[in-house]
Amino acid sequence: MPVTRRQCANAIRALAIDAIEKANSGHPGAPLGMADMAEALWRHGLRHNPANPGWVNRDRFVLSNGHASMLIYALLHLTGYALTMDDIRNFRQLGSLTPGHPEYGHTPGVDITTGPLGSGIASAVGMALAEASLARKYNRPGHTIVDHMTYVFLGDGCLMEGVSHEACSLAGVWKLGKLVALYDDNGISIDGKVDGWFTEDVRARYLAYGWQVIGPVDGHDSDALDKALAAARADTERPSLIICRTHIGFGSARADSEKSHGAPLGEEIAAQAKQALGCAAEAFTVPADVAAAWDAREEGARLEAAWKEAFAAYEAAYPELAADFVRRMEGRLPEGADQALADFAAGVRESRPKLATRVASKNVLSALVPVIDDLIGGSADLSGSVGTKTPSSTMLDTATYEGNYICYGVREFGMGCIMNGLAVHGGFIPYAGTFMVFSDYAKHAVRLASLMNLKVVWVLTHDSYAVGEDGPTHQPVEHLAMLRSIPGCKVWRPCDSEECAASWKDALATQGPTCLSLSRQGVPFIDKQAGAPIEKGGYVLRDCEGVPQVILLATGSEVSLCVEAQARLAEEGIRVRVVSMPCCEVFDAQDAAYRESVLPDAVRARLAVEAGWPDYWRRYVGLDGDVLGLDHFGASAPGGVLAREFGFTADNVVERARALAR
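Residues numbered from 1 in each chain as written. Predicted model: local features only at pLDDT ≥ 70, side-chain atom pairs only at ≥ 80, totals over all residues. Heavy atoms only, no water.

### Some words on the overall build of the chain
Phase 1 of the analysis: Within the chain one finds 26 helices and 20 strands.
Phase 2 of the analysis: In terms of overall dimensions, the chain is globule-like: its C-alpha atoms have a radius of gyration of 28 Å, near the 26 Å expected for 662 residues.
Phase 3 of the analysis: Dimensions of the chain along its principal axes, counting C-alpha atoms only, are 95 × 60 × 45 Å.
Phase 4 of the analysis: Within the chain, the fraction of its 662 residues that count as buried is 60%.
Phase 5 of the analysis: Summarising the internal contacts of the chain: among those between residues at least 6 apart in sequence, 77% fall at separations of at least 24. (Helix = DSSP H or I, 4+ residues; strand = E, 2+ residues; numbered from the N terminus. Rg over C-alpha atoms; globule rule 2.2 N^0.38 Å. Buried < 20%, exposed > 50% of the residue type's maximum accessible area, 1.4 Å probe, protein only. Contact = heavy atoms within 4.5 Å.)

This is the structure we're talking about:
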C-alpha cells in the first residue's frame, strides 16, 4: 500500500516524541500539532535542495515559534539534509546540531535563528522584501533568476508580541505577495486556554493590515491545507495568513492541554501516543517506505539544476548584472567602496569640519550610498534627525520595489528584525537610525543579529545628556554599556568626522552588527598623527615626552575635553597621554603588545571620560583610576548647562587628572 500523508506527518511526531523524551526536555505540543501543516508545505510545495542549504533561490522557511524546534529538525532529517539520526538523538545536548531553538549558521537548513516569539515573523518580512527588491533589480523579460517564497509557521505567542504588529503592518503596506504565514491556532499557551487574555479577531486584524486571510481551516486536513497554500501562492499582491485550527499535543493524552507545551509527555503517555499514531514502538525508527516518501534530495537537485541552467542563460544575456548578483549574494563589496572612504577621510583632514558626528555619519553615507548598491537605509521616523537619508537615497516604491531607503515608522523593534531578515536573506547591507535611548526597544534585534553574525549597522544618535531640553527620557545613560555587553556587537563612538569614516569602514568590512554612537551637538575636528591607527579601536591621540604620569581615555564628544585638559596640564609640567577609544571591542581584539603600547601597565593613574554609565570603564582604569561618567539620569536644560552641572568640562577633567598625578 502507498504511504499515506498522515503516516508521513506521524514520522515527524514520532521523532519529536522520542527526541524530547530522551533529552527529558523540550516542547512536544507544537510539533505534534503542526506536523500535518509541515507535511503539506514541505512535501507539496517547498522548493529547496537538501544538498545545498545555501541555494540562493530556495524558498525560505521560518519557524517563528522556535520552541517547536523538533519540528524543523525532523523535517531536515527526513528530507535529506546533513542532519543524522544521531543528531536527533542528541537533541538539546552540548555541541549538538539540534539545540533547543533553531540557530542559523549552526544547523544546516535553518534559515534564521528564532526563539524570542514574534521575531521570526518580523524577520520573515525582511526576507520577503529582500526577494521582491532583488527580483526588481535583476530579473529581466524571459530571465527570472530571483523567484522564491518565504513561509512562516507561527503561534499565538508570536501574534501577542507587539513586534508582529509592527512588521506585519509593514508587510501589508509593501504588498509582499510571496510571504505566506501559517498560524497554528490551537488556543493554548503556557498559562492555559488563551481566551482569558487573547480574544482579538486575528482575521480582522490581518485584513486591516492588507493581508489575504484564508480560513480558519482544519490544520490536520491535508486537502484543506493544500487548497489554502495554493490560494496563498496565487495572490501575488498581498501577503497571506492561513489560520490553521489544530490540537496541541495531537495524538497524545495531553492533547488540547497546556501540559503538552513545554515538558516531555512522559514514558507512558509517549508510548501510548506513538501506538495511537501507528508509529513503531522502537525509538528513533522511521519505516523505510516513509523515509523514501520524505526524501527530497532528488527533487531538490533537479530544482537547483534547472535554476542553474536558467542562470547560465541569464549570465550569457546580461553578464554584468549576473556578476553583480553573484557578488552581492556572496557579500562582497563593490569596487570603489574603499576608495570612496579614503577620499572622504582625506577630505575631512583637509577641511577639518566642526560637526555633530550624526552629521559626519550622514556625510560618510552620502559618499558610500552611490557606490554600494547593497546598502539599504532607513529610520524609525527620524530620518532628518539621525542623518540616514542621503541625497542619493530613494524611497522604497511599493509598486515596483525600487528604492534604497525605508521609512519604517515608529517601530524600532520591527525595524531591527526586518533588517535582520534583509541581511540573513543575502544581497543587502541594512542600516537604519534612531535615537540611542530607543535602542532599548531594539535590543533584542541587535542581540539576534549578534547570535547570527549578521552585518547590520545601527545609527544611534543623540547619544548623551547633551540632548538637552528633551530631558532624561531622551538622554541615554546605561545604553552604551548595554550595547557593549552584547557578545559580537561592535560599538563605535567616534570623536570627529575622521573617526566616523573609520567606524563605517570597519562596519562594512566585518561580519556582525555595528552600533554607531553619534552626537547631537557639534564637536571639533581633532588633528592626529599621520597614519594614526584609528582602525585598531583605541590609539594614542596625544602624547608627552617621557613616561606619562596620567592617561586620559575618552570616546566621542568627550575626547576634545581631554585634548584641552592635556594642553593645560602640560603647562603645569604634568605629563599626560590622551587615548581615543572609539571602539573598545576592536581595541580588545588587538594583540597584547599593541594594547600595552597604548595603555602601559606601569601607568596606573588613569581617568576615563564618557557621558554614560561609568562602571564599564573600570576594566581599563582599575581600582587606582577614576571615571568621569554618569551614574544617574539626566535633566531638562540646555546641553551646555548640563555639561557644567554634570562635570563634563575641561576644568573638571584637569582637576581630576591633577589629583591622580599626585
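### Comments concerning helix 15 (residues 357-368)
For the α-helix, the turn length of 3.6 residues means that residues three or four positions removed from each other point alike.
Phase 1 of the analysis: For helix 15, spanning twelve residues, the distance from its first C-alpha to its last is 16 Å, which sits close to the expected 16 Å at 1.5 Å a residue.
Phase 2 of the analysis: Those residues of helix 15 that sit buried are T357, R358, A360, S361, V364, L365 and L368. Taken around the axis of helix 15, the buried residues stretch over an arc of 155 degrees, which confines them to a single face. (Expected span 1.5 Å × (residues − 1). Arc of directions from axis to C-beta.)

### Description of the packing of aromatic side chains
Phase 1 of the analysis: For the structure shown, the criterion picks out 22 aromatic pairs.
Phase 2 of the analysis: Centre to centre, the rings of F311 and Y314 are 5.8 Å apart; their planes meet at 40 degrees, and the pair counts as tilted. Taken together, the residues span about one helical turn, with F311 and Y314 both in helix 12 (residues 297-317) at a distance of three residues. The residues F311 and Y314 share a single accessibility class, namely buried.
Phase 3 of the analysis: Through a chain of ring-to-ring contacts, three or more aromatic side chains come together here, namely W55, Y138, W307, F311, Y314, Y318 and F325. (Phe/Tyr/Trp six-rings, centres within 6.5 Å; stacked < 30°, edge-to-face > 60°.)

### What to know about the sheet that holds strand 19 (residues 606-609)
Phase 1 of the analysis: Read across the open sheet, the five strands follow the order 16-18-17-19-20; overall the sheet is mixed. Strand pairing shows two members of the sheet lacking a second neighbour, strand 16 (539-542) and strand 20 (626-628), which therefore form its edges. On average, each strand axis in the sheet is inclined to that of its neighbour by 30 degrees, with strand direction left out of account.
Phase 2 of the analysis: Bridging between strand 19 and strand 20 involves three bridges; their strand directions are parallel. Looking at the pairing, L607 lines up with D626 of strand 20. (Pairing = 2+ DSSP bridges. Axes fitted to C-alpha atoms, helices over the stretch in contact; angles between N-to-C directions.)

### Brief notes about the nonpolar core
Phase 1 of the analysis: Core analysis: the largest hydrophobic core is formed by 82 residues, its most contacted members being W174, L176, W211 and Y408.
Phase 2 of the analysis: The contact partners of W174, leaving out residues within four places of it in the chain, are V125, L129, L396, T398, Y401, I406, Y408 and I418.
Phase 3 of the analysis: Of all hydrophobic cores here, the second largest spans 81 residues; its members include V459, Y465, M581 and V609. (Core = buried A, V, L, I, M, F, W, Y, C linked by side-chain atoms within 4.5 Å.)

### Overview of the pattern of salt bridges
Oppositely charged side chains can form a pair if their charged atoms are brought close together.
Phase 1 of the analysis: For the structure on display, the rule yields 34 salt bridges.
Phase 2 of the analysis: Among the ionic pairs, D373 bridges to K137, the shortest N-O distance being 3.6 Å. Separated by 236 residues along the polypeptide, D373 in the loop between helix 15 and strand 9 (375-379) and K137 in helix 5 (residues 119-138) bring together distant segments of the chain.
Phase 3 of the analysis: The partner of E558 in a salt bridge is R493, and the shortest N-O contact between them spans 2.6 Å. Separated by 65 residues along the polypeptide, E558 in the loop between strand 17 (550-554) and helix 21 (559-571) and R493 in the loop between strand 13 (490-492) and helix 20 (497-509) bring together distant segments of the chain. Taken individually, E558 and R493 each receive the classification buried, so the pair is uniform in this respect. (Salt bridge = Lys/Arg side-chain N within 4 Å of Asp/Glu carboxyl O.)

### Some thoughts on the environment of I418
Phase 1 of the analysis: Mapped onto the secondary structure, I418 falls in helix 17 (residues 412-425).
Phase 2 of the analysis: Separated by 293 residues in sequence, I418 and V125 have C-alpha atoms that sit 6.1 Å apart.

### Focus on the packing of helix 5 against helix 7 (residues 162-173)
Phase 1 of the analysis: It is the contact of helix 5 with helix 7, at a shortest axis distance of 8 Å, that shows an interaxial angle of 25 degrees. Looking at the two axes, helix 5 sits roughly parallel to helix 7. When you trace helix 5 past helix 7, the crossing you get is left-handed. Contacts between helix 5 and helix 7 involve S119, I121, A122 and V125 from the first element and V163, S164, A167, C168 and A171 from the second.
Phase 2 of the analysis: Partitioned by chemical class, the residues of the contact of helix 5 with helix 7 number seven nonpolar, two polar and no charged. (Parallel < 35°, antiparallel > 145°, perpendicular 65-115°, else oblique. Left-handed = near helix turned anticlockwise from the far one by under 90°. Nonpolar A, V, L, I, M, F, W, Y, C, P; charged D, E, K, R; others polar.)

### Structural notes on the pairing of strand 19
Phase 1 of the analysis: Residues R606 and A608 line one face of strand 19 and the alternating positions L607 and V609 line the opposite face, and both faces are buried.
Phase 2 of the analysis: Pairing geometry for strand 17 and strand 19, over four bridges, is parallel. Within strand 19, the position partnered with A554 by the bridge is V609.

### A short note on the packing of helix 5 against helix 17
Phase 1 of the analysis: Where helix 5 contacts helix 17, the axes come no closer than 7 Å and their chain directions differ by 50 degrees. Accordingly, the angle class assigned to the pair helix 5 and helix 17 is oblique. In the crossing of helix 5 with helix 17, the sense of the turn from one axis to the other is right-handed. On the side of helix 5, the interface is formed by S119, A122, S123, V125, G126, M127, L129, A130, E131 and L134, while helix 17 contributes C417, I418, N420, G421, L422, V424 and H425.
Phase 2 of the analysis: Taken together, the residues that form the contact of helix 5 with helix 17 break down as ten nonpolar, six polar and one charged.

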